[in-house]
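Close look at the chain arrangement
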Amino acid sequence: MSANGEADLPIIIAGAGIGGLTAALFLRDRGHQVVLLDKANVLSEVGAGLQLSPNACAVLDRLGLLQELEPHANAPDNLRIWSGTSGRQLATVRMGSFLKMRHGYPFWQIHRADLQRVLLDKARATPGISIKLACEVMDLTSTPYGNLTCIYQDADMTGNLACKALIGADGVWSRVRRLVPGHENARFSGQVAYRTTVPIDAVPRRWTTDPGLWLHRDSHLVHYPVKGGRHLNIVALAEENWQDERWSTRADREALLHLFRNWPAEIRNLLGSSDEWLKWALCSVKASGPWSHGHVALLGDAAHAMLPYMAQGAAMAIEDAAILARHLPVDVENVPAALRAFEFHRKARVTHVQKVSFDNARTYHYSGALALARDTVLRLSKPTSLATRFDDIYGWTPEQ
Ligand SMILES: Cc1cc2nc3c(=O)[nH]c(=O)nc-3n(C[C@H](O)[C@H](O)[C@H](O)COP(=O)(O)OP(=O)(O)OC[C@H]3O[C@@H](n4cnc5c(N)ncnc54)[C@H](O)[C@@H]3O)c2cc1C
């Protein structure tokens, strides 16, 4: 224990999303007391599908969670890439057993709610982690003697909790980020994701075999099974000037069909198969900005929200959690130095992954000659060479 008794104080995590819950489990493993505060009244089942690539599975394996997640996951053998203009297939990407053999961990498609529930159940069952909902983290203050207090707001009052560090895992619209001088603000990309899941029996079999990625000018579409194959997850991304901070804004199917009016009829029929669409404004936070200051550090979307064109946002939050805990042994002497080391350790990788996401955002939405060139390259590519293009991202393990 350090001179001021810091070892007895908890680490407070703002946000019990995927990053916050994973961090709580890793920090508890290191021996810390952990308090998770989330401003939501309930941790509801929002969102839709998530791709959990081998690098994310490698981290979840260190928490012993793969067995619990497996019944909820799908591990497709192939991804098929299609032209949203002609309706023709452009390429096949090998996944399934090929990626598992290559990286040692599966590539899963899962519902976000299933992942969050498995993490939450484990956190609730772990002594030393306490979770308080309806508590919004507002600030961190310190006395001249260096004692830290996290200020939070619940329904009735402003409360405070002594702590040894505050971790901002509070998502793209992070409030904790304001405590890091020189921080980047979230920037709207001009693109919006429409998301839904439909029972697998409600759509023709054509959609339920291999997952698909469809490319079109200024828009694209992704579909894959979730909930252990019982539902189909559909994400339609397009350019639209609309912004909102929530995950769960209801979207209008007619507006979506209007955006996809130039797409093949079979895709428009698929979009028409659900009237329960949610809408999410795609924003990013530059990973190169600062993520730590004194006893505060950011992780996940709070530090480096990225566009979902590499399907790595949650994976990066999960990786951050493992590496943060690595830098914070329970008897850590110098918390600010440990948090700086965490930031230093993670920055190059996350900045790289964010750049790949931005690059994909451009190529997915090409039109004209650029789209023709992209489609030709895809047609000439082998399924295995497309699968190995992201070895550096998928092959990462926490021990590297
Ligand atoms: C369309 C789309 C598809 C995606 N697909 C994938 C994918 O396939 N694979 C992948 O890896 N990633 C994907 N992502 C990205 C992924 O969803 C996010 O990167 C991930 O959810 C970030 O997790 P987080 O824990 O950092 O933040 P969040 O999940 O946003 O959690 C933040 C939590 O903090 C709470 N909170 C906010 N402010 C406060 C406060 N002041 N005090 C206390 N609590 C607070 C919120 O209530 C919330 O519970 C996708 C994103 C989108 C939009």
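Refer to the structure presented above.
Residues numbered from 1 in each chain as written. Predicted model: local features only at pLDDT ≥ 70, side-chain atom pairs only at ≥ 80, totals over all residues. Heavy atoms only, no water.

**Things to note about the site of the ligand**
The ligand sits among 30 residues. The nearest are Gly 19, Asp 38, Gln 51, Trp 280 and Asp 301. For the ligand, an oxygen atom lies 2.8 Å from a polar atom in the backbone of Gly 19. Here an oxygen atom of the ligand sits 2.9 Å away from a polar atom, N or O, in the main chain of Ala 314. Burial of the ligand by the protein amounts to 91% of the accessible area it has alone, namely 1,000 Å². At three residues, helix H9 (residues 313–327) tops the list of elements feeding residues into the shell around the ligand. (Near = heavy atom within 4 Å. Polar contact = N/O pair within 3.5 Å; in protein donor to acceptor, adjacent residues only side chain to side chain. Areas by Shrake-Rupley, 256 points an atom, 1.4 Å probe, with all protein chains shown as cover. Helix = DSSP H or I, 4+ residues; strand = E, 2+ residues; numbered from the N terminus.)

**Observations concerning the nonpolar core**
Counting residues in hydrophobic clusters, the biggest one holds 112 residues, and the most contacted among them are Ile 13, Leu 52, Leu 60, Ile 81, Leu 115 and Leu 166. The next biggest cluster of nonpolar side chains, apart from the first, holds 24 residues, and it includes Ile 200, Leu 232, Ile 234 and Leu 270. (Core = buried A, V, L, I, M, F, W, Y, C linked by side-chain atoms within 4.5 Å. Buried < 20%, exposed > 50% of the residue type's maximum accessible area, 1.4 Å probe, protein only.)

**Comments concerning the sheet that holds strand S14 (residues 219–226)**
Remark on secondary structure: sheet strands pair via backbone hydrogen bonds, oriented parallel or antiparallel. Strands sit in the order S5-S4-S13-S14-S15-S12-S17-S16 across an open sheet of eight strands; the sheet is mixed. Every other strand in the sheet has two partners, leaving strand S5 (89–94) and strand S16 (249–251) as the edge strands with one partner each. Across the sheet, the mean angle from the axis of one strand to that of its neighbour is 25 degrees, orientation sign disregarded. As paired strands, S16 and strand S17 (residues 277–284) are joined by three bridges and run antiparallel to one another. Its bridge partner lying in S17, Thr 249 is registered against Lys 279. The strands touched by helix H11 (residues 368–380) within the sheet are strand S4 (78–83), S5 and strand S13 (212–216), with S5 carrying the most contacts at an inclination of about 50 degrees. (Pairing = 2+ DSSP bridges. Axes fitted to C-alpha atoms, helices over the stretch in contact; angles between N-to-C directions. Contact = heavy atoms within 4.5 Å.)

**Things to note about the pairing of strand S10 (residues 158–163)**
One ladder, built from six bridges, connects strand S9 (residues 148–153) with S10; its direction is antiparallel. Bridged to Ile 151 within S10 is Asn 160. The antiparallel hairpin formed by S9 and S10 contains four residues in its connecting segment.

**A look at the pattern of salt bridges**
Where side chains of opposite charge bring their charged atoms close, a pairing between them can arise. In the structure shown here, the tally under the stated rule is 17 salt bridges. One salt bridge connects Glu 240 with Lys 279, and the closest N-O pair in it is separated by 3.0 Å. Here the residue Glu 240 occupies a position in the loop between strand S15 (231–239) and S16, and Lys 279 occupies one in strand S17, the gap between them amounting to 39 residues. On the basis of relative accessibility, which here comes to 11%, the residue Lys 279 falls in the buried class. Two residues, Arg 362 and Asp 359, come together in a salt bridge whose shortest N-O distance is 2.7 Å. Taken together, the residues Arg 362 and Asp 359, both in helix H10 (residues 335–364) and three residues apart, mark about one turn of the helix. A relative accessible area of 25% places Asp 359 in the partly exposed class. (Salt bridge = Lys/Arg side-chain N within 4 Å of Asp/Glu carboxyl O.)

**Digging into helix H1 (residues 18–29)**
An α-helical segment advances 3.6 residues per turn. Residues three or four places apart therefore align on the same side. Between its first and last C-alpha, H1 extends 17 Å over 12 residues, near the 16 Å set by a 1.5 Å rise per residue. The buried fraction of H1 amounts to 10 of the 12 residues, a majority that puts the element mostly inside the structure. Restricting attention to buried positions, one finds in H1 the residues Ile 18, Gly 19, Gly 20, Leu 21, Thr 22, Ala 23, Ala 24, Leu 25, Phe 26 and Leu 27. Just past H1, the residue Gly 31 takes up positive phi, approximately 105 degrees. (Expected span 1.5 Å × (residues − 1).)

**So, the sheet that holds S10**
Taken together, the three strands give an open sheet; going across it, the order is S8-S9-S10, and neighbouring strands pair in antiparallel fashion. The strands lining the two open edges of the sheet, one partner per strand, are strand S8 (136–142) and S10. When strand polarity is set aside, the average angle formed by the axes of neighbouring strands in this sheet is 25 degrees.

**A look at the side chain of Lys 347**
Mapped onto the elements, Lys 347 comes out in helix H10. For Lys 347, the contacting residues outside a window of four places in its chain are Ala 287, Ser 288, Gly 289, Pro 290 and Trp 291.

Function cannot be inferred from these measures alone, as they are strictly geometric.
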